[in-house]
Amino acid sequence: QSRLGFEAAKVWYRDILEVLNVRWVDQHTHRQAYELWMSLGRRRNSLVDSISYVIMHKHNIDKAFCYKRGYDEQGFKLIAPMEPGDIEKKSSHNS
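Predicted model only: the values in this text are computed from it and were never measured. (Residues numbered from 1 in each chain as written. Predicted model: local features only at pLDDT ≥ 70, side-chain atom pairs only at ≥ 80, totals over all residues. Heavy atoms only, no water.)

A.B. asks: Quick one: what's the story with the overall build of the protein chain, residue by residue and with numbers?
C.D. replies: Within the protein chain, the secondary structure is distributed over four helices and two strands. In sequence order, the secondary structure elements of the protein chain are arranged as α-α-α-β-β-α. The 95 residues of the protein chain split such that 19% are buried. Within the protein chain, contacts between residues at least 6 apart in sequence are counted, and of these 17% link residues at least 24 apart. Entry remark: accessible area of the protein chain is about 7900 Å², with carbon and sulfur atoms responsible for 55%. (Helix = DSSP H or I, 4+ residues; strand = E, 2+ residues; numbered from the N terminus. Buried < 20%, exposed > 50% of the residue type's maximum accessible area, 1.4 Å probe, protein only. Contact = heavy atoms within 4.5 Å. Areas by Shrake-Rupley, 256 points an atom, 1.4 Å probe, with all protein chains shown as cover.)

A.B. asks: Before we move on, could you go through the side chain of Ser50 and cite the residues and values that matter?
C.D. replies: Within the element layout of this structure, Ser50 appears in helix H3 (residues 47-58). In contact with Ser50, not counting residues within four places along its chain, are Ala33, Leu36, Trp37 and Leu40.

A.B. asks: Go over a nonpolar patch on the surface with me, naming the residues and quoting the values.
C.D. replies: A grouping of Trp12, Tyr13, Ile16, Val19, Leu20, Val22 and Trp24 is seen on the molecular surface, where their side chains present a nonpolar patch of about 830 Å² in accessible area. Within the fold, Trp24 resides in the loop between helix H1 (6-16) and helix H2 (27-40). A relative accessible area of 74% places Trp24 in the exposed class. (Patch = residues over 30% accessible without salt bridge, like charges linked within 9 Å, V, L, I, M, F, W, Y side chains within 5 Å. Salt bridge = Lys/Arg side-chain N within 4 Å of Asp/Glu carboxyl O.)

A.B. asks: Which residues make up the packing of aromatic side chains, and what are the values?
C.D. replies: Within this structure, the stated rule accounts for four aromatic pairs. Centre to centre, the rings of Tyr34 and Trp37 are 5.9 Å apart; their planes meet at 65°, and the pair counts as edge-to-face. Within this pair, Tyr34 and its partner Trp37 are both found in helix H2, separated by three residues, close to a single helical turn. Given the relative accessible area of 39%, Tyr34 is considered partly exposed. You can call Trp37 buried: its relative accessible area is 17%. Centroid distance Tyr71 to Phe76: 6.3 Å. Interplanar angle 55°. Geometry classified as tilted. In this structure Tyr71 comes out as buried when scored by relative accessible area, which is 9%. An aromatic cluster is built from Tyr53, Tyr71 and Phe76, whose rings are joined through pairwise contacts. (Phe/Tyr/Trp six-rings, centres within 6.5 Å; stacked < 30°, edge-to-face > 60°.)

A.B. asks: Let's hear about the side chain of Asp49: which residues, and what values?
C.D. replies: As for its position among the elements, Asp49 is in helix H3. Not counting the four nearest positions on each side in its chain, Asp49 is found in contact with Lys68 and Tyr71.

A.B. asks: How would you summarise the pattern of salt bridges if you had to cite specific residues and measurements?
C.D. replies: With the rule as written, the count across this model stands at three salt bridges. Ionic pairing is found between Arg14 and Asp15, a salt bridge with its closest N-O pair at 3.0 Å. For Arg14, a relative accessible area of 46% gives the class partly exposed. The exposure class assigned to Asp15 is partly exposed, which follows from its relative accessible area of 36%. Between Asp62 and Lys63 there is a salt bridge; the shortest N-O distance is 3.5 Å.

This is a description of form; function is not addressed.
Here is the structure:
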């Protein structure tokens, strides 16, 4: 909210969350993620990353839409978002 503003937060809540399947973190999942985070070393991974790993494994999610290293080390296939200009590069190669 502080970076993008209140309106952006409202749009996120109203429009984006409607199409997502949100997985809320319970105490057991948080504990598992915290233990994983401690075992991996905090400087390369965040607690949020570790929570993602635990939830993704629990729900058999095998692909991560991100650039971040660590997900591949946890066994996920990385699906990197496109950079600005990638569409133009791709279409010029297909011409």
